[in-house]
Amino acid sequence: MPDLDQDGGWLLTLDGTPQSYVDLADPTHLEFEYTRRIGHLLDALAPAGQPLDALHLGGGALTVPRYLAATRPGSRQRVAEIDGPLLALVAEQLPWQGPGVDITATVADAREALAAAPPGSADLVIADVFHGSRTPAHLTSVEFLRLASTALRPGGCYAANLADGPPLAFGRAQAATLRAVFPYTCLVAEPSVLRGRRYGNILLIGSARPLPVRELSRQLAADPFPARLCDEDDLAELVRGAVAVTDADAQPSPPPPDGAFSVG
């Protein structure tokens, strides 16, 4: 549906749940708070304008790939989206191709696409996959994250958008899983989510090299909706007692409470 308050703005919903927001006139306009946090990460990862090779697991309306193409022209991007009719709808109604845009979107399961990625082929792997309103179980394990680590170049970065609510059992287990694979990790979320007061998005970030936590923290603090960054020490405390998830015991993320993401 069009955004009547923003020329070129479009909201994509699936079964009443907001899925993506795209501004065709300005792809650097990130409406959803979690996409802005991913945008802040992309801005902090490398010098301004430097192209990055990215693999996006989950496409939706390709909000983040469009942002990366606009802010880092020449970036080579691959998108794996399992919903073929959705991808066809987006290609027809919200086309993403343009001068300097190198985005290839295919219909594929996220884990299968990750397993097929050549080793060391990506600077960035972003997982933003929901079946309905839940992250599928097969995308939550140590084995899955090892595939992501293999696909990354030395020093590359993995980021995953998840959602959880009180008592943060899923989020804590996912952070422990991240720490089991990547030497350097951090987490970004609203303070109220971290305190277990409400359901919301959690951005997990991992790498084999030190992360730009100072610059990322600065950008998060300056956002209209500030978020807290948990560095390695904070994360170690948060995951105390949590166990890394394996394929054998993986579960999907918990369902959101009624009305959490509904559109009026």
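Everything here concerns the structure above.
About the thresholds
- Residues numbered from 1 in each chain as written.
- Predicted model: local features only at pLDDT ≥ 70, side-chain atom pairs only at ≥ 80, totals over all residues.
- Heavy atoms only, no water.
- Pairing = 2+ DSSP bridges.
- Helix = DSSP H or I, 4+ residues; strand = E, 2+ residues; numbered from the N terminus.
- Axes fitted to C-alpha atoms, helices over the stretch in contact; angles between N-to-C directions.
- Salt bridge = Lys/Arg side-chain N within 4 Å of Asp/Glu carboxyl O.
- Buried < 20%, exposed > 50% of the residue type's maximum accessible area, 1.4 Å probe, protein only.

Enquirer: Would you mind showing me how to read the sheet that holds strand 4 (residues 76-81) here?
Expert: Two strands in a sheet stick together by hydrogen bonds in their backbones, pointing the same way (parallel) or opposite ways (antiparallel). Here eight strands make up an open sheet; going across it, the order is 5-4-3-6-7-9-8-10 and the pairing mixed. One side of each edge strand has no neighbouring strand; the edge strands of this open sheet are strand 5 (102-107) and strand 10 (228-230). Shown here is a sheet whose adjacent strand axes are inclined to one another by a mean of 15°, direction ignored. Sheet topology places strand 3 (residues 54-57) next to strand 6 (residues 122-127); four bridges connect them, and they run parallel.

Enquirer: I would appreciate a short explanation of the pattern of salt bridges in the present structure.
Expert: It is possible for side chains bearing opposite charge to pair when their charged atoms get close. The final tally for this structure, using the stated rule, is eleven salt bridges. A salt bridge links R76 to D53; the nearest nitrogen and oxygen atoms lie 2.6 Å apart. Here R76, found in strand 4, pairs with D53, found in the loop between helix 1 (33-45) and strand 3; they are 23 residues apart in sequence, far enough to count as distant. For R76, a relative accessible area of 47% puts it in the partly exposed group. The exposure class assigned to D53 is buried, which follows from its relative accessible area of 11%. Ionic contacts of the salt-bridge type, sharing partners, join the residues E33, R37, E190 and R198 into one network.

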